[in-house]
Amino acid sequence: MIIELEKECSIEAVSRLMGLSWDEGWGVMGRAVRRGLARKERRIPERIGVDEKSFAKRHKYETLIYDLDRRCVEYVTDGRTEESLAEYYLRFEKEERKEIKVVAMDMWEAYIGATKAHVPDAEKKIVFDKFHVVQYMTKAVDKVRKAENAELSGQGNDWLKNTKWLWLANEENIPQWRRPEFEELKKRDLKVGRAWAIKENLRNFWDCKTKQQAKKFFKKWYWWATHSRLKPVIDAARTLKNHLKNILTYFDHHVTNALGESINSKIEKIKKTACGYRNRDHYKTAIYFHCGGLDLYPKFNP
């Protein structure tokens, strides 16, 4: 019963409902996770996702490895360095690591380095995740918006006031009640409007049917982006071109790290329920408990 309640409520709430101390509540969760990890089959997933998750302020991170087929967190380790991810890979022999078919990740050099060092034929297996690729362009759009808003505000013009989330959102996610306002903004000759259009067009890249078609699409898109006269957009486009080889591997594997984004959202809810975590071990325990796909329950002999 306590385990079932801890899946739905904070430790503080469960402890209050069940007449436990806070330490006793955490003890139940900790033992459940240790049971689950002990029962877990030793295997390396064929398709894995790698992502980072902030643990606390001041740039403290955890590296999360996902099993994309079983849809769960496979491993959690401190930091987001090359050594952090290598720690996971080195739990397995080289022959076992050959079983990995694809690794979906962002373009973080530490993760790239660890994967190339420890996964055989990594060049063919790394797929830079669609979400993170588009995120580079989204950040560029926001830089253009900030600079243009400052310029317009200095002229007494508030066209871009309170419009940040309109430009950051995908077009289909713009709230219905703000669509007329956004349509009017798009008609104006705004730098951020051009940046947004370039970002939105990039999303069509993943609709290409073949790798060859995707190469042609990117070539045209890259010309547009680098001739936009918008420095943040040009810088982002050049970054993507430098990593194009492993953006194109999507068309070999057709995998994204969407599962990681879904689990990250779940972890954020867990953090909010717990009002944040000060203890790193508790944070890891909670991730395994809620997202690890573990067999948590005690087994009783009849």
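Residues numbered from 1 in each chain as written. Predicted model: local features only at pLDDT ≥ 70, side-chain atom pairs only at ≥ 80, totals over all residues. Heavy atoms only, no water.

Re helix H11 (residues 191-202)
Spelled out, the test is: Strands are runs of DSSP state E lasting at least 2 residues, helices are runs of H or I lasting at least 4, and numbering of each runs from the N terminus. Under the convention used throughout, the expected extent of a helix is 1.5 Å for every residue step, that is, one less than its residue count. In this description, contact between two residues means that some pair of their heavy atoms is separated by no more than 4.5 Å.
The end-to-end C-alpha separation of H11 is 17 Å, in line with the 16 Å expected for twelve residues at 1.5 Å each. Elements that come into contact with the buried residues of H11 comprise helix H8 (130-154), helix H9 (164-168), helix H10 (179-187), helix H12 (211-226) and helix H13 (231-242).

What about the packing of aromatic side chains?
Where we set the bar: Note on aromatic pairs: the rings of Phe, Tyr and Trp (six-membered ring only in Trp) are paired at centre separations within 6.5 Å, and the planes decide the class, stacked below 30 degrees, edge-to-face beyond 60, tilted for the rest. Type-normalised accessible area, obtained with a 1.4 Å probe on protein chains alone, sets the label of each residue: buried when under 20%, exposed when over 50%, and partly exposed for intermediate values. Look at NZ for Lys and CZ for Arg. If either is within 6 Å of the ring centre and within 35 degrees of the ring normal, a charge sits over the ring.
One pass over the full model with this rule turns up 14 aromatic pairs. Taking the centre distance of 5.1 Å and the plane angle of 80 degrees together, the rings of Phe182 and Trp196 count as edge-to-face. Placement of the pair is Phe182 in helix H10 and Trp196 in helix H11, with a sequence separation of 14 residues. On the basis of relative accessible area, Phe182 is assigned to the buried category, the value being 1%. Between the aromatic rings of Phe218 and Tyr222, the centroid separation amounts to 6.0 Å while the plane-to-plane angle is 20 degrees, which identifies the pairing as stacked. With a gap of four residues between them, Phe218 and Tyr222 both fall in helix H12, about one helical turn apart. For Phe218, a relative accessible area of 4% puts it in the buried group. You can call Tyr222 buried: its relative accessible area is 17%. In this structure an aromatic cluster arises from ring pairing among Phe205, Trp206, Phe217, Phe218, Trp221, Tyr222, Tyr250 and Phe251. Above the plane of the ring of Trp108 lies Arg80, whose end atom (NZ or CZ) is 4.3 Å from the centre.

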